[in-house]
Each structure stands twice: as structure tokens, then as C-alpha cells.
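If you want the building blocks of each chain, they are given just below.
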Amino acid sequence: MDGRGRVIVRDGPWGFVLFLAYIGAAIYFVSVSSGTFWGVILGLLQAIVWPVYVVCHVLVLIGA
């Protein structure tokens, strides 16, 4: 044995779920964009940070 340990990563299913969430958010944000090049780019960027929108709205709802 060479002294190196084994690392087992079990995050695979969550990565797939987050990927599907990104695809769904990208479809939504691109569909509500203006359809221009920069509108589509902005929609893709919004799809990356959509959890921030969710957290912000939840904090507003609970009055924090």
C-alpha cells in the first residue's frame, strides 16, 4: 500500500438534479427574455443565479 487513501464521492445524483434545475431555469428565463442576443445571454446568466432570487423572495415573505 502506498499510503494514499481512497476517496468516494457520492454527490453524483445531486449534480444531475442541479443540472436539470439549471436547464429548466434557462428555458424559463430565455423564454421570457426579449429574444435578442443580449436578452438570451442575460437569461442564461439569470438561470445560473436563480437560487438567489428564491432566497431573496423567501426572506421578503418572512419579513427578515
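Residues numbered from 1 in each chain as written. Predicted model: local features only at pLDDT ≥ 70, side-chain atom pairs only at ≥ 80, totals over all residues. Heavy atoms only, no water.

Structural notes on a nonpolar patch on the surface
Part 1 of the argument: Judged by side-chain polarity, V54, V55, V58, L59, L61 and I62 come together as a nonpolar surface patch covering roughly 580 Å² of accessible area.
Part 2 of the argument: Within the secondary structure layout, L61 lies in helix 3 (residues 50-62). (Patch = residues over 30% accessible without salt bridge, like charges linked within 9 Å, V, L, I, M, F, W, Y side chains within 5 Å. Areas by Shrake-Rupley, 256 points an atom, 1.4 Å probe, with all protein chains shown as cover. Salt bridge = Lys/Arg side-chain N within 4 Å of Asp/Glu carboxyl O. Helix = DSSP H or I, 4+ residues; strand = E, 2+ residues; numbered from the N terminus.)

A short note on helix 2 (residues 37-48)
Part 1 of the argument: In a regular helix each residue adds 1.5 Å, so 12 residues correspond to 16 Å; helix 2 covers 17 Å between its end C-alpha atoms and thus fits that length.
Part 2 of the argument: Among the residues making up helix 2, those that are buried are G39, G43 and A47. Viewed along the axis of helix 2, the buried residues span an arc of 80°, placing them on a single side of the element. Those residues of helix 2 that are exposed and aimed more than 90 degrees away from the buried face are F37, W38 and I48.
Part 3 of the argument: Against the buried residues of helix 2 lie helix 1 (12-31) and helix 3. (Expected span 1.5 Å × (residues − 1). Buried < 20%, exposed > 50% of the residue type's maximum accessible area, 1.4 Å probe, protein only. Arc of directions from axis to C-beta. Contact = heavy atoms within 4.5 Å.)

Digging into the packing of helix 2 against helix 3
Part 1 of the argument: Across the interface, helix 2 lies against helix 3 with an axial gap of 4 Å and an inter-helix angle of 60°. If you check the angle between helix 2 and helix 3, you find them oblique. Contacts between helix 2 and helix 3 pair Q46, A47 and I48 from the former with W50, P51 and Y53 from the latter.
Part 2 of the argument: Its residues placed into classes, the contact of helix 2 with helix 3 shows five nonpolar, one polar and no charged. (Axes fitted to C-alpha atoms, helices over the stretch in contact; angles between N-to-C directions. Parallel < 35°, antiparallel > 145°, perpendicular 65-115°, else oblique. Nonpolar A, V, L, I, M, F, W, Y, C, P; charged D, E, K, R; others polar.)

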